[in-house]
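Structural overview for review
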Amino acid sequence: MLLDNIALFLLIVEKGSLAAAGREKGLSPTTVSERLAALEAHYGVGLLNRTTRSISLTEEGRVLFDGAKTVLAEVEDLDTRIRHGAETLSGPIRISAPLDTGRVVISDVIAEFLARHPAITIDLSLSDGYVDIVGRGFDIAVRYGTITDSTLRIRPLGPVRRIVCASSAYLERNGVPAEPEDLLDHNCVLMRFGSGVDNIWHLGSGTNEHVITVRGDRVSDDGGLVRQWALSGYGIAMKSEIDVGPDIKSGKLVEILEAYRPPPAPLQIMYPPGRAQPRRVRALAREIQRAVTSRLSG
C-alpha cells in the first residue's frame, strides 16, 4: 500500500491537484485525500502545501518526489523481470518530440521498437514549443537547442546542421540568393516558438557571420507544415538536416547559401530529475540515439 500511495502522490504533483489525480485513477476526492494523509502520517511530515487554488511541495515533499520516481521504476523493473523474464520489456512510455523530427524519425523508431517489444505501449506527443516534461509526466523528451533547466538530465545526440533551402520551382521564379543579404528580397516561411517568430537568422560564423531579419507571408508553430510550405514552393526555410536531408538528396529541396551555413543546433534527449529510468525507457533512448546517428551520418 505504501508504494501505491507514493505513486498516487507523484500523480498528484504531476497533475497539479488532488482532484485531477483522482480522475486519472478513478478515485473519489475523499479517497485521494485519505491516502495522501496516510502517506504524510507514515513519514510524520507534511508533503504538500495546499490552498483552494494550488498545491506546492514542502521540502520533505520535494525529497520524496525526487527519489520516488527512481524507487518505483526499479520496483517495476524487478516486477517485470520476475513475472516475464529478464529480457522482457513491458509497460508504458510517454515521449515528447518536435513535430517534424517526431514524424520522420521517432515514429519509425517506435514502429521497430514495438515490433520487438509487444508488451510496451507508447504515448507520443509532438510539439515544437516548450514542454514541461515533469509537470506533464513524460518519461523522455527529444529537443533541439540549449536546455536552461539544470534539473533535467541530458543525453546529447550531437550537433545537427541547419540548412537554408527552397524548392527548385521557387528558385526558378525568384532567383537564387548569393549573399545572406539577398534574403531580404525573398519570401521566407517561418517557425514560431511560443510567442516569438524565428525571423532573425544567423548565417555563417566568426568574422563571416551575418545576422539577417527575414520576412515572409507564412508563419507556423508546426515544423512539418513549414517544411511542406518549402516543398510546395512558397518560400525559403531554415530547417534541421534531420528533417530535410532526404528532401535535399532527392532534389525536392535545394540547399542555398552553402558558404554561409547556420551554426548547428544541439539535439538531446531529456529525462526528468532522478537517478534511474525504467529499462524500457533506457532501451528506447538507445534506439533513438542510433536512429539519429544513422540519419546524421547518412
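So, here's what we can say about the structure. The model shown is predicted, which means the values in this text are computed figures rather than measured ones.

1. Thoughts on the environment of N199
By the element assignment, N199 lies in the loop between β9 (196-197) and β10 (200-203). The class of N199 is partly exposed, set by a relative accessible area of 23%. Spatially, the C-alpha atom of N199 lies 27 Å from that of I106, the residues being 93 residues apart in sequence. Aside from chain neighbours lying at most four places away, what touches N199 is L190, I212, T213 and V214.

2. What to know about the nonpolar core
Of all hydrophobic cores here, the largest spans 25 residues; its most connected members are I106, I140, V142, I269 and I288. Residue contacts for V142: discarding those within four places in its chain leaves S96, A97, P98, I106, L157, L267, Q268, I269 and I288. Grouped together as the second largest cluster of nonpolar side chains are 24 residues, I12, L47, A68 and L72 included.

3. Some remarks on the side chain of R35
Looking at the element boundaries, R35 is found in helix α3 (residues 29-43). Of the buried charged residues, R35 lacks a salt bridge, with D4 as the closest side chain of opposite charge at 5.1 Å. Engagement of the side chain of R35 in a polar contact is seen with the backbone oxygen of D4, the distance being 3.2 Å.

4. Section: the side chain of D139
Position of D139 relative to the elements: it lies in the loop between β4 (120-126) and β5 (140-144). R280 is the oppositely charged side chain nearest to the buried, salt-bridge-free D139, at an N-O distance of 5.6 Å. A polar contact of 2.8 Å, which involves the side chain of D139, links it to the backbone nitrogen of R94. In contact with D139, other than residues within four places in its own chain, are P92, I93, R94, M270, Y271, P272, Q277 and V281.

5. Details of the packing of aromatic side chains
One pass over the full model with this rule turns up zero aromatic pairs. Sitting over the face of the ring of F138, R94 holds its NZ or CZ atom 4.4 Å from the ring centroid.

6. Description of helix α8 (residues 241-250)
An α-helix turns once every 3.6 residues. As a result, residues three or four positions apart point the same way. Restricting attention to buried positions, one finds in α8 the residues E241, I242, D243, V244, G245 and D247. The opening residue of α8, the one whose side-chain oxygen lies 3.0 Å from the backbone nitrogen of I242, is S240. Looking one or two places after α8, you find G251, whose phi comes out positive at around 85 degrees.

Reading the values: the criteria
- Residues numbered from 1 in each chain as written.
- Predicted model: local features only at pLDDT ≥ 70, side-chain atom pairs only at ≥ 80, totals over all residues.
- Heavy atoms only, no water.
- Helix = DSSP H or I, 4+ residues; strand = E, 2+ residues; numbered from the N terminus.
- Buried < 20%, exposed > 50% of the residue type's maximum accessible area, 1.4 Å probe, protein only.
- Contact = heavy atoms within 4.5 Å.
- Core = buried A, V, L, I, M, F, W, Y, C linked by side-chain atoms within 4.5 Å.
- Lys, Arg positive; Asp, Glu negative; His and termini not counted.
- Salt bridge = Lys/Arg side-chain N within 4 Å of Asp/Glu carboxyl O.
- Polar contact = N/O pair within 3.5 Å; in protein donor to acceptor, adjacent residues only side chain to side chain.
- Phe/Tyr/Trp six-rings, centres within 6.5 Å; stacked < 30°, edge-to-face > 60°.
- Lys NZ or Arg CZ within 6 Å of the ring centre and 35° of its normal.

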